[in-house]
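# Understanding the architecture of this molecule
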Amino acid sequence: MSITNEPVTQEAAAMTNTEQSTPAESAATSTGRHRPSSHSFLGFAERYALLGLFVLICIVFTLNPTSGDVFASMNNVNAVLRGQTAVAMIALAAVFPLVTGNIDFSLGATCASSMVLSAGLMSNHGTPLLVCVVVCVAFGALVGLFNGVMVTRFRLDPFVTTLGVATLLGGVIQWYTGGQTIYQGISTTLTDFSYSKIAGLPQVTAIVVVIAVVAWYLLAQTPFGRSLYAIGSNPESAKLVGLPVRRNVMLTFVLGGTIAGAAGLLRLAVQGSATSDSGTSLLFPALAAVFLGATAIRPGFFNVVGTMIGVLFVSFSVSGLTLSGVDSAVQYVFNGAALLVAVGFSTYLGIRRRARG
Amino acid sequence: MTAAPDLPTVTEGATALSISGLTKRFGATLALDEASLAVRPGTVHALLGGNGSGKSTSIKVLAAVHQADAGQLTVGGREYDLRSFDSVDARAAGLRFVHQDLGLFDGLSIAENFALDAGFPLQAGTRIRWAHLHERVTSVLDSYELHVDPRTPINELRPADRTMVAIARALQDADTSADGESLILVLDEPTASLAQHESALLLARIRRLADQGQTVVLVSHRMSEVLSVADDFTIFRDGRTVATLVDASPTEDELVELMAGRAVDALRPVAASSAADELRLEVRGLVSGPLAGIDLQARRGEIVGVAGLVGSGRSSLLRTIFGDLSPRAGTMSINGRPHVPRDVAGAMRDGVALVPEDRGREAAFADLTIADNLSMTRLRTYWSWRGMNARAEQDVSRRLISDFRVKASGPAAPFTSMSGGNQQKVILARWLQRDPAVLLLDEPTQGVDVMSRVDIYRTVREAARRGTAVLVASSDASELLALCDRIVIIREGRVDEDLDAETLDPDDLTRKLLRATSVRQEDETA
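Conventions we followed
Residues numbered from 1 in each chain as written. Chains lettered and ligands numbered in written order. Predicted model: local features only at pLDDT ≥ 70, side-chain atom pairs only at ≥ 80, totals over all residues. Heavy atoms only, no water. Buried < 20%, exposed > 50% of the residue type's maximum accessible area, 1.4 Å probe, protein only. Helix = DSSP H or I, 4+ residues; strand = E, 2+ residues; numbered from the N terminus. Pairing = 2+ DSSP bridges. Phe/Tyr/Trp six-rings, centres within 6.5 Å; stacked < 30°, edge-to-face > 60°. Lys NZ or Arg CZ within 6 Å of the ring centre and 35° of its normal. pLDDT = per-residue confidence, 0-100. Contact = heavy atoms within 4.5 Å. Polar contact = N/O pair within 3.5 Å; in protein donor to acceptor, adjacent residues only side chain to side chain.

### Things to note about the pairing of strand β9 (residues 184–188) of chain B
All names here are of chain B. The element β9 is largely enclosed, with a buried count of five among its five residues. A two-sided burial pattern is seen for β9, the buried positions comprising Ile184, Val186 and Asp188 on one face and Leu185 and Leu187 on the other. In this sheet, β9 lies alongside strand β6 (residues 95–98) in parallel orientation, the contact comprising four bridges. For Leu95, the partnering residue across the bridge sits in β9 and is Ile184.

### A closer look at the packing of aromatic side chains
Residues and elements named next belong to chain A. A complete count under the given rule lists 10 aromatic pairs over all chains for this structure. Taking the centre distance of 5.5 Å and the plane angle of 45° together, the rings of Phe61 and Phe71 count as tilted. With Phe61 in helix α2 (residues 41–63) and Phe71 in helix α3 (residues 68–71), this residue pair connects regions lying 10 residues apart in the sequence. Since its relative accessible area comes to 3%, Phe71 is described here as buried. Plain terms: the ring middles of Phe291 and Phe302 are 5.2 Å apart, the flat faces sit at 85° to each other, and that makes the pair edge-to-face. With Phe291 in helix α14 (residues 280–293) and Phe302 in the loop between α14 and α15 (304–323), this residue pair connects regions lying 11 residues apart in the sequence. For Phe291, a relative accessible area of 13% puts it in the buried group. Take Phe302: its relative accessible area is 18%, and that puts it in the buried class. A network of ring pairs unites the aromatic residues Phe54, Phe61, Phe71 and Phe316 as a single cluster. Its guanidinium or amino end placed over the ring of Tyr195, Arg82 lies 3.8 Å from that ring's centre, counting from NZ or CZ.

### Considering the confidence of the model for chain B
Residue and element names in this part refer to chain B. Mean pLDDT over chain B stands at 84; residues scoring 70 or higher make up 90%. Averaged over each element, pLDDT in chain B is lowest for helix α17 (residues 506–525) (58) and highest for strand β18 (residues 352–355) (97). Taken as a whole, residues 1–12 scores under 50 in pLDDT and shows 18 contacts with residues more than four places along the chain or in a different chain.

### So, the environment of A:Tyr176
Residues and elements named next belong to chain A. With respect to the helices and strands, the residue Tyr176 is situated in helix α8 (residues 158–177). Given the relative accessible area of 37%, Tyr176 is considered partly exposed. As a C-alpha pair, Tyr176 and Leu117 span 59 residues in sequence and 9.1 Å in three-dimensional space. A polar atom in the side chain of Tyr176 sits 3.2 Å from the side chain of Asn124.

### Brief notes about the environment of B:Gly493
All names here are of chain B. Relative to the helices and strands, Gly493 resides in the loop between β23 (486–491) and β24 (494–500). Among the residues examined, Gly493 registers a relative accessible area of 4% and is labelled buried. On a C-alpha basis, the gap between Gly493 and Gly293 in space is 6.6 Å, while along the polypeptide they are 200 residues apart. Each residue touching Gly493, except ones within four places of it in the same chain, is listed here: Pro290, Leu291, Ala292, Gly293 and Ile294.

In structure tokens, the structure reads:
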């Protein structure tokens, strides 16, 4: 086969060379072609918009006469922080798989079942607290490992896999608790700990901060974290620059599960009892926070600092609304709306970033 | 800077499509500056230009992806204002686009792909009339010389046929438009992902379409292909139309000169081999994928071309050396030491680097920054317990950007803010900063404009001069000859010929490559 080459008559050739610019000129135009300094002010505004919004709602609820006195009190701040421990932990746990483009829906259920597991151990078997800590964390890691193996080894869809695991764990919780709350025999060391304070803030919050710092370091300051963002960007390219894609994706599920397992114990500490709740009520505010966080600090990417701002934003908004006398059902509406807005906004950011090409 | 004057060579009556005064700004950048274009009916019109010349932007304006700031479009006597030109107008004007990414659904059949575009024929409003659909699609396919079953899934077609299916799909309503209004086919880099013989096949068909009266606007980086098929040429530079050649047969050098705006001799690389006697890479009896026992050597500083038809295993060879595929048999060694990579990371430790064929899918981290893309092969070197050394990373990135002549606003710019050629330079820099012992290049200048191509060749030669052994797999005969000291042809899974590049010209090489097919076809018929 050959190319059908149409010899065109040379005399018909008409050349209209209208303008010759010097090489220097053309080089100058093409270097100036790339993005002007558009990311100075706008970029800054984009990065800190969520933080600004958080400050704004705090001011609004403080000035609001119905909510103001209570909202701004140290008691309320501590109560909100203490109450949101598990949500914050699950949000941190969710960041890891999300960075690589995978979602873990089982984190809420992992947390809830870890809570029931430790309560059951203490209540029914008198297991010492330290053992419970180890069991909870190990249980979370195991659930994460299972999810990770399913997703990376057997190439199952992470959405369906983790949803299945969440449903399964929810069922086991129902079966084990029989729908009853376990409140007897919970270690008082644990419950007392949740009321103790450090530098005026609940100690459980300090634990969240420590884990957030570790998560931030892992994601932003290590080759491992950078490899996760690379995998999230393009797994095939990541493989071809020598990154251990499958191992690292599996590790994100294990890390997430471990944090969720620990979150279960902290939730037991805060609540003092274990309900038969399946953990969905924890997962959605956490996801809302993570997706909101992806619009801040490093817009378009899931990140730890943004996630923490997201958690604060979601929890203090709900607290303010409740204190303003709005029906308590509003928190579900708010969390759902925040999740939708956040997903919409970060998708928009992603699209815009790609469109810049 | 003055606007491009009217183009006197084209008369009013003889245009199927004409654009005038097309201007488009992106922020402070003037992407198109009163550009113009006039396409005669029934011709293949090539649109040429380097990176940032505005040719892609003008196509995007026609496809209504971007809205112009000023400009008039005339198609079939109807005038359109390009400031408010939308996709409905584009379709009504008879413009049909086939982009580099063909937009086909790989797992679905040809017929389903057609129907998803034009609608499924329904019976009683519910049931799909499959027989009717298949019949109609078969007749459309036949008219485009595609003699395949419409039930064939797209991913079972050969690459040239896939492009042809996309073209046929784009033009499927051609005969149904009763008023005889002819469609204009716009092809954006149709051959960019095709091997040479596939693109030859495709271009021959495009040529025949034009001979039957189809008007075609063709955007391509591959100069030799454009020359073989186009009647008219419009050259863009810095957002302006700098030349229009009607019914012309310019030489490649003339075109490059128009695109570059300077004499082409300076751009031509000087081929001087830096091959030394020291053996860098040795492959013996390698069996992997379609490879059935490859023996190959590359010396220090040598650039070896790997030629072969599609499916011959060029990419498999590179990927096996890179540890991405496991060989079924055979041995490899680098610098005399056995090279048995367990994975890509293992091959990298042995000093191997690979620039893969499909930049977008296999090399780019599109939404990350240029610095991120550069650092990915040496993340560990930036790490200490105090975290990633961001400053060192930025400094190294900045240096690489200038060393490799990358046009980019800085290390923090998104990877996709650069043109294809500059993206490819970044991928090369990503690997060359590691000073690899063996550099594997798979179609290194695919989708790269002429100007960047010259920079890339120079970079590869410089790496060879510093002692890297380079293996270049390419379907572009002139590229292999411009770059390599030696070319091996893979045929039937083995190294069939080992040729000195200096003794060849592109026609020789193409002939040798194609002979492989004819020989095989004779074998099959016998």
